[in-house]
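Architecture and fold: a report
Here's the letter readout for the chains.
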Amino acid sequence: TPSFERSTGGELTIDGHTVSDLVDEFGTPGYIWSEDTFRSRAREYRQAFEEAFGDHGAEVSVYYAGKSFLCAAVVRWAQEEGLNLDTASGGELGLGLAAGMPGQRIALHGNNKSETEIRRALENGVGRIVADSVPELVQIDRIARDMDTTAPVMIRITPGVHAETHDFIATAHEDQKFGLSLADGTAALAEADVDPALRSETAVSSSDSVAMLAALVAEALGGIDLRGFHCHIGSQIFEADGFALAAERLLAFIAEVTGRIEREIPELDLGGGYGIGYIPGDAPRPARDIAKDLADSVAKSCSALGLRIPHLSIEPGRALSGPAGTTLYTVGTIKDVAIDAESGRTQVRRYVAVDGGMSDNARPVLYDADYSVVLANREPLGEQVLSRVVGKHCESGDILVRYCYLPADLRSGDILAVAATGAYCWSLSSNYNYLPRPGVVATSSGQTPRTIVRGETEDDLFARDAAL
Ligand code: LLP
């Protein structure tokens, strides 16, 4: 559950800075981003996994998933904390490189990478490209050979694990766009994508899985250095069992591939997905426990399969960035609405409108996501009333917090803080209704708060209109 410190005057503080100081200097709406929280979460995950896998003699790399929140400052913090960077597009890759992350420490993902993106990744010597289809393997091989290099490649697998999470963000179901299936007979689906000469060289059979076809093709292609396999089973997951089950399936597959290609597969990447607390009742497990369970289970599978434990990578995004962010809003209109006037027993819901909304946090609208909100500029004393925090967009679904208790004496001008908005809020933000995207201010205890991403102005938005 997200928690805040308060000053003696009852004001909420972030890394020791009072909300009124932050709002006076930077205004609202705004994302406040705690460098301290991000760094300590990054350290916690890295240490937990390094120790747990280290106990079994295996090495770990932590790739921060930049899609959750990416800017130059966060890239530098990640780098300083010994993390690598997971990027999902040429833009994320470009930002990571521009901020100084060495190409070797960057992974490029994507289910539909362009020729330019692949070329750019290879030109900058990325540590790995995570390939998502058989035609993509053929394409990477062609580009790499054309550039007189070999591409380090991981192949993304769908292990068929249904992580307990919101349906829209579960990415390991079989019926979705990512990854290659482990199911027997699926090789037939992609056989036509492979040149017949190459196909006969790989000794692939139509009873194989498409994942096996991809592995054999990658191994046969001179421009590809097949490093290992990847999966990502979903997001905002609390249960460790899903990760362990996915690992078990991938390791069994790795054992099979090892037998077919007669060499060791050095790497396994289990993706991200570690859940965080948004509301009371959310109970994420400590990184140490997650890592220990996973390491024990991977070690057990490997010993049963006669494999050396591969180099393990994980790609946490939300778990590192989510708790670091807080969005500050100013309360505007407060409206009490009769919600069942016809029943005779009129119930009232208080609608509290703030100066942002679905453009700075699309997650409630997109995923029914829940958030916690508190009165931030003074102690929330006295009677609390059931309220709904909504944005200022021209859309009735523009809800930020569906149910919450806020003080009965809440008034226009008060400041509200929505917790745990560091992941997938700024990165999913929009300019709906021509609202400029808010800026991001970094805090760290004992340091002056500073802008790390400037907020947009109306001029920024108008500047792109070619007819103005
Ligand atoms: N690795 C891969 C290959 C991914 O696809 C993702 C997220 C991650 C790592 C990081 O996952 P995390 O640790 O942050 O859960 N917009 C949605 C989440 C989409 C996640 C997409 N992939 C949301 O706001 O809940």
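Keep in mind that this is a model prediction, so the values were computed, not measured. (Residues numbered from 1 in each chain as written. Predicted model: local features only at pLDDT ≥ 70, side-chain atom pairs only at ≥ 80, totals over all residues.)

1. Some details on the overall build of the protein
When its secondary structure is counted, the protein shows 13 helices and 21 strands. Taken over C-alpha atoms, the radius of gyration comes to 24 Å for the protein, in line with the 23 Å a tight globule of 468 residues would show. Taking all 468 residues of the protein together, the buried fraction comes to 48%. Sequence-distant contacts in the protein: of pairs separated by 6 or more residues, those separated by 24 or more amount to 68%. (Helix = DSSP H or I, 4+ residues; strand = E, 2+ residues; numbered from the N terminus. Rg over C-alpha atoms; globule rule 2.2 N^0.38 Å. Buried ≥ 20, exposed ≤ 12 C-beta atoms within 10 Å, placed from the backbone. Contact = placed C-beta atoms within 7 Å.)

2. Topic: the site of the ligand
Within the structure, the ligand sits among 23 residues, and Ala65, Ser235, Gly272, Gly317 and Tyr424 are positioned closest to it. Breaking the shell around the ligand down by element, the ones donating at least two residues are α11 (318-321) and α12 (363-367). Each residue belonging to the shell around the ligand can be placed in one class, and the counts come to 8 nonpolar, 10 polar and 5 charged. (Near = placed C-beta within 6 Å. Nonpolar A, V, L, I, M, F, W, Y, C, P; charged D, E, K, R; others polar.)

3. Considerations on the UniProt feature "modified residue: N6-(pyridoxal phosphate)lysine" (unreviewed entry) in the protein
Feature annotation in UniProt places "modified residue: N6-(pyridoxal phosphate)lysine" (unreviewed entry) on Lys67, given in this structure's numbering. Within the secondary structure layout, Lys67 lies in the loop between β5 (60-65) and α3 (72-80). A tally of 21 C-beta atoms within 10 Å means that Lys67 is categorised as buried. Those residues within four positions of Lys67 in sequence are excluded, and the remaining contacts are Ala88, Glu92, Gly317 and Ser427. (UniProt positions renumbered as here; feature names shortened; annotations may be inferred.)

4. Notes on the domain arrangement of the protein
For interface size, the figure often reported is the accessible area lost on association. The domain architecture assigned to the protein consists of domain 1 (5-34 + 322-463) and domain 2 (35-321). For domain 1 and domain 2, the distance between their C-alpha centroids amounts to 35 Å. The partner domain 2 presents 22 residues to the 25 residues of domain 1 that form the contact. Put simply, the parts of the chain that give the side of domain 1 that touches domain 2 at least two residues each are β20 (440-443) and β21 (450-453). No other element matches β20, which puts 3 residues into the side of domain 1 that touches domain 2. In terms of residue class, the side of domain 1 that touches domain 2 is built from 13 nonpolar, 9 polar and 3 charged. (Domains from an automatic or database assignment.)

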